[in-house]
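An overview of the molecular structure
Here is how the chains run, residue by residue.
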Amino acid sequence: MADNANRIPRHVAVVMDGNGRWANKRLMPRIVGHKYGVDALIKAINTCADRGIEFLTVFAFSSENWKRPEDEVSGLMNLVLTAVAKYLARLSDIGVRIQIIGDRAAVSEKVRSAWEHAERVTAGNTRITLSVAFNYGGRWDIVQACQRAVADGARAEQIDEALLSKYMALAYAPDPDLFIRTGGEVRISNFLLWQVAYSELYFTDCLWPDFDAAEIDKALADYAARDRRYGGVKTDISASGQKITLAPDA
């Protein structure tokens, strides 16, 4: 059982999967599912902030999602603009800081401007940091970190984990404690490959638009019951009062 101080994760990362299937089950276009997915995200932000989570990072659009039908991609880009216009003031008022991570070069100037506006408006907020991964890939993140380190003059012998971590897209946040994927798939899908090395993984069949406060609490309860040792050993006390050293995989 985790210590009391570790029961609530500081940082939760989420693959918000299942919007399209949620819509298909209701005979609606996939983009409608994404709209409901945005509503679910707003509720999740509130719930996570209420639970004391400091960082929430969500996978909104992967670098592989460009392969989706053109109308869906276009709809998602428009949804970014709509979401910023509709929810930015509300999120700022409750203390949400917004950060966008990913390769911004491929998106339109209008979308980039909306992101920059959201980051500017919420820069001083401290209740919870929402990082939205858009046109993001974990492998891209590692490559861009290496490129930036080299561009700053780092020599081969100077490049180590500590240095590269400073150049990763989430350098401002601790690594995720809890990684959640909704929608029934059991894979990481190139999300935060560097950062989730020691994250607790939680997979659920629940489709993202249905992932409400009760589902979040289920994930948090599962996390709280886990024993995190980061590959090390832990000393426990047996019933006889003797100290027992537990192996990493015990």
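What follows covers helix H3 (residues 70-93). Look at H3: 35 Å from first C-alpha to last across 24 residues, which is about the 34 Å you get at 1.5 Å a residue. At Tyr87, H3 shows its strongest bend, of approximately 50°. Listed as buried for H3 are Glu72, Val73, Gly75, Leu76, Met77, Leu79, Val80, Val84, Tyr87, Leu88, Leu91 and Ser92. Considering only its buried residues, H3 is in contact with helix H2 (30-50), strand E2 (55-62), strand E3 (96-101), helix H4 (109-122) and strand E4 (128-136).

As for its position among the elements, Tyr167 is in the loop between helix H6 (161-165) and strand E5 (178-181). As a C-alpha pair, Tyr167 and Gln147 span 20 residues in sequence and 9.1 Å in three-dimensional space.

Pairing within the open sheet is parallel, and its six strands lie in the order E3-E4-E2-E1-E5-E6. Of all the strands in the sheet, just E3 and strand E6 (200-203) have a single pairing partner and so form its edges. Here the strands of the sheet are splayed against their neighbours by 20° on average, with no regard to which way each runs. Note: strand E1 (residues 11-15) against E2, five bridges, orientation parallel. By the bridge assignment for E2, His11 is matched with Phe55.

A few words now on the nonpolar core. Grouped together as the largest cluster of nonpolar side chains are 46 residues, with contacts concentrated most on Ile45, Leu56 and Leu130. Of the residues forming this core, the biggest block, nine residues, is contributed by H3. Apart from the residues within four sequence positions on either side, Leu130 is in contact with Leu41, Ile45, Leu56, Val58, Val96, Arg97, Ile98 and Gln99. Ranked by size, the runner-up nonpolar core spans 14 residues in total, among them Ala13, Ile101, Phe179 and Leu192.

Here we take up the pattern of salt bridges. Summed over the entire model, instances satisfying the criterion amount to 14 salt bridges. Residue Arg68 pairs with Glu72 through a salt bridge whose shortest N-O separation is 3.1 Å. With relative accessibility at 28%, the residue Arg68 sits in the partly exposed group. For Glu72, a relative accessible area of 6% gives the class buried. For Lys218, the salt bridge identified is with Glu215, shortest N-O distance 3.7 Å.

So, about the layout of surface pockets. Any space left empty among the atoms is revealed by the rolling of a water-sized probe across them. In this structure, the largest pocket occupies an estimated 920 Å³ of space. Around the largest pocket sit 41 residues that line it, and Met16, Asn19, Phe59, Ala60 and Phe61 are the ones nearest its centre. Elements with a contribution of two residues or more to the lining of the largest pocket: helix H1 (19-25), H2, E2, H3, E3, H4 and E4. A total of eight residues in the lining of the largest pocket trace back to one element, the largest contributor, which is H3. Each residue belonging to the lining of the largest pocket can be placed in one class, and the counts come to 25 nonpolar, eight polar and eight charged.

Put simply, H2 and H3 touch, their axes get as near as 10 Å, and they point 30° apart. By the angle class used here, H2 and H3 are roughly parallel. H2 and H3 meet at a crossing whose hand is right-handed. Here H2 contributes Arg30, Ile31, His34, Lys35, Val38, Asp39, Ile42 and Ile45 to the contact with H3, which in turn contributes Glu72, Gly75, Leu76, Leu79, Ala83, Lys86, Tyr87, Arg90 and Leu91. Looking at the contact of H2 with H3 residue by residue, the class counts come to nine nonpolar, two polar and six charged.

Take the packing of H3 against H4 next. Contact geometry for H3 and H4: axes closest at 10 Å, N-to-C directions at 10°. Considering the angle they form, H3 stands roughly parallel to H4. Of the two possible hands of crossing, H3 and H4 adopt the one that is left-handed. In contact with Met77, Val80, Leu81, Val84, Leu88 and Ser92 of H3, H4 contributes Lys110, Val111, Ala114, Trp115, His117, Ala118, Val121 and Thr122. Its residues placed into classes, the contact of H3 with H4 shows ten nonpolar, three polar and one charged.

Definitions and limits used
- Residues numbered from 1 in each chain as written.
- Predicted model: local features only at pLDDT ≥ 70, side-chain atom pairs only at ≥ 80, totals over all residues.
- Heavy atoms only, no water.
- Helix = DSSP H or I, 4+ residues; strand = E, 2+ residues; numbered from the N terminus.
- Expected span 1.5 Å × (residues − 1).
- Bend = angle between axes of the 7 residues up to and from the residue.
- Buried < 20%, exposed > 50% of the residue type's maximum accessible area, 1.4 Å probe, protein only.
- Contact = heavy atoms within 4.5 Å.
- Pairing = 2+ DSSP bridges.
- Axes fitted to C-alpha atoms, helices over the stretch in contact; angles between N-to-C directions.
- Core = buried A, V, L, I, M, F, W, Y, C linked by side-chain atoms within 4.5 Å.
- Salt bridge = Lys/Arg side-chain N within 4 Å of Asp/Glu carboxyl O.
- 1 Å grid on protein atoms, 1.4 Å probe; cavity = no way out; pocket = protein on both sides within 12 Å on 5 of 7 lines; lining within 4 Å.
- Points joined across faces, edges and corners; volume = space filled by probe spheres on them.
- Nonpolar A, V, L, I, M, F, W, Y, C, P; charged D, E, K, R; others polar.
- Parallel < 35°, antiparallel > 145°, perpendicular 65-115°, else oblique.
- Left-handed = near helix turned anticlockwise from the far one by under 90°.

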